[in-house]
Every structure is written in structure tokens, then in C-alpha cells.
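Here is what each chain is made of, one letter per residue.
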Amino acid sequence: MAGSVNKVILVGNLGADPEVRTLTSGTKVARIRIATSETYKNREGERITNTEWHSVNLWRGLADVAERFLKKGSSVYVEGKLRTRSYDDKEGVTKYVTEIEADQMTMLGGRNDGGSSDYNSNEAPRQQSESPSTAAPQDASSDNMDDDLPF
């Protein structure tokens, strides 16, 4: 294989409000915890749900968006790459942490949840009036559309 790929795509819900901090360099970073779940029936017919928790780092403009619009329970689509870092704990034992470094984030949900908006790390946050749900030209037939559609 000539190259390699490090790509993560997650769709899930925040388990807590974003943790936002500003580094000494002035760079803002938000850490979010996203839950993804899968449900299946076992041999006895019982419904089993497995939930995985993912730590996601959002930098600069994405951190601003997370701070302003995301909260516990928010649905998000995130694209990024896996990063593993290490640190020494209080006893001197080396610990490893695997996180997702996001480069794109889309807020999912209806208008009551802030609408559906796309953001990536290379652009400034868009104003609410420019979100995909309101940016498309409207014709007379779209006036009766349901506002709760997520797209």
C-alpha cells in the first residue's frame, strides 16, 4: 500500500457540556465526549445496547462553535483523525490516551436545537442566517415545509 489513512467519522450525542479552555498561546480548545450506541438482539431475544464514549478535541473556530451552541445531549457529526498521547500519572506510571482531533463538525437536530450547521477547522463560524437550512433559495412550494426537518 502506497499510503495510509487515519480518518474517524462519528455521529452521536454529547454526554456533557463542552469543556472549553484557552491555552497560554491564546488558542482555544474544546473537549467534548460523544456517545455512540449500537443495539442488537441476543440469542434469547433480549435487546442489548452497547455504548462507546469518545473524547473529541475541537480547536480554534470549532471550539468557539462548541462553546456557543453545543450542550449536553446535542447531536453531532464529527470527522477527524485518531491521536494517541501519553503522560505520566502521579505515581510515575505512563498512561496513554487516544482522542479524536476533529477537523469538521456538523450540529445535527431541529431548529430548536440550533439547526443543522457545518463547520470545519479551516473556516470561521458561519452566522446562523447562513446555515444550510436557511441559505437555499426558497420558492412558493417550499413555504409549507415542516420546520422540524433536520436538513
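## Re the overall build of the chain
Part 1 of the argument: Along the chain, the regular secondary structure elements total two helices and seven strands.
Part 2 of the argument: Put simply, the chain runs from its N terminus to its C terminus through helices and strands in the order β-β-β-β-α-β-β-β-α.
Part 3 of the argument: Looking at the chain residue by residue over its 151 residues, the buried ones come to 29%.
Part 4 of the argument: Here the contacts in the chain between residues at least 6 apart in sequence split such that 51% fall between residues at least 24 apart.

## Examining the nonpolar core
Part 1 of the argument: Counting residues in each nonpolar core, the largest one holds 19 residues, and the members touching the most others are Ile34, Val56, Leu58, Leu70, Val76, Val78 and Met105.
Part 2 of the argument: For this core, the secondary-structure elements that each account for two or more residues are strand S1 (8-14), strand S3 (28-41), strand S4 (47-59), helix H1 (61-69), strand S5 (75-88) and strand S6 (94-108).
Part 3 of the argument: Among all residues touching valine 78, those that are not within four sequence positions of it are Val8, Ile9, Leu10, Ile34, Val56, Ile100, Ala102, Gln104 and Met105.

## Concerning the environment of alanine 102
Part 1 of the argument: In this structure, alanine 102 sits in strand S6.
Part 2 of the argument: Linking alanine 102 and isoleucine 9, residues 93 residues apart in sequence, is a C-alpha distance of 9.3 Å.
Part 3 of the argument: Not counting chain neighbours up to four residues away, the residues in contact with alanine 102 comprise Val56, Asn57, Leu58, Leu62, Val78, Glu79 and Gly80.

## What about unusual backbone geometry?
Part 1 of the argument: Phi at arginine 60 takes a positive value of approximately 50 degrees, unusual for a residue other than glycine.
Part 2 of the argument: As for its placement among the helices and strands, arginine 60 is situated in the loop between S4 and H1.

## Looking at the layout of surface pockets
It is a probe the size of a water molecule, rolled over the atoms, that shows where empty space is left.
Part 1 of the argument: Within this model, the second largest pocket holds a volume of roughly 160 Å³.
Part 2 of the argument: Lining the second largest pocket, in full, are Glu19, Arg21, Val29, Ala30, Arg31, Asn57, Trp59, Arg85 and Glu99.
Part 3 of the argument: Counting residues per element, the ones that place at least two in the lining of the second largest pocket are strand S2 (19-22), S3 and S4.
Part 4 of the argument: The dominant element in the lining of the second largest pocket, judged by the number of residues it contributes, is S3, at three residues.
Part 5 of the argument: Considered class by class, the residues forming the lining of the second largest pocket number three nonpolar, one polar and five charged.

## Digging into the pairing of S5
Part 1 of the argument: In the sheet, S1 pairs with S5 via six bridges, with the strands oriented antiparallel. Looking at S5, one finds that valine 11 is bridged to tyrosine 77.
Part 2 of the argument: Here S5 pairs with S6 via 14 bridges, running antiparallel. Bridged to valine 78 within S6 is methionine 105.
Part 3 of the argument: Taking the residues between adjacent antiparallel strands as the criterion, S5 and S6 are bridged by five residues, where glycine 92 takes a positive phi near 85 degrees.

Calculation rules
Residues numbered from 1 in each chain as written. Predicted model: local features only at pLDDT ≥ 70, side-chain atom pairs only at ≥ 80, totals over all residues. Heavy atoms only, no water. Helix = DSSP H or I, 4+ residues; strand = E, 2+ residues; numbered from the N terminus. Buried < 20%, exposed > 50% of the residue type's maximum accessible area, 1.4 Å probe, protein only. Contact = heavy atoms within 4.5 Å. Core = buried A, V, L, I, M, F, W, Y, C linked by side-chain atoms within 4.5 Å. 1 Å grid on protein atoms, 1.4 Å probe; cavity = no way out; pocket = protein on both sides within 12 Å on 5 of 7 lines; lining within 4 Å. Points joined across faces, edges and corners; volume = space filled by probe spheres on them. Nonpolar A, V, L, I, M, F, W, Y, C, P; charged D, E, K, R; others polar. Pairing = 2+ DSSP bridges.

Read these as spatial facts, not as claims about activity.
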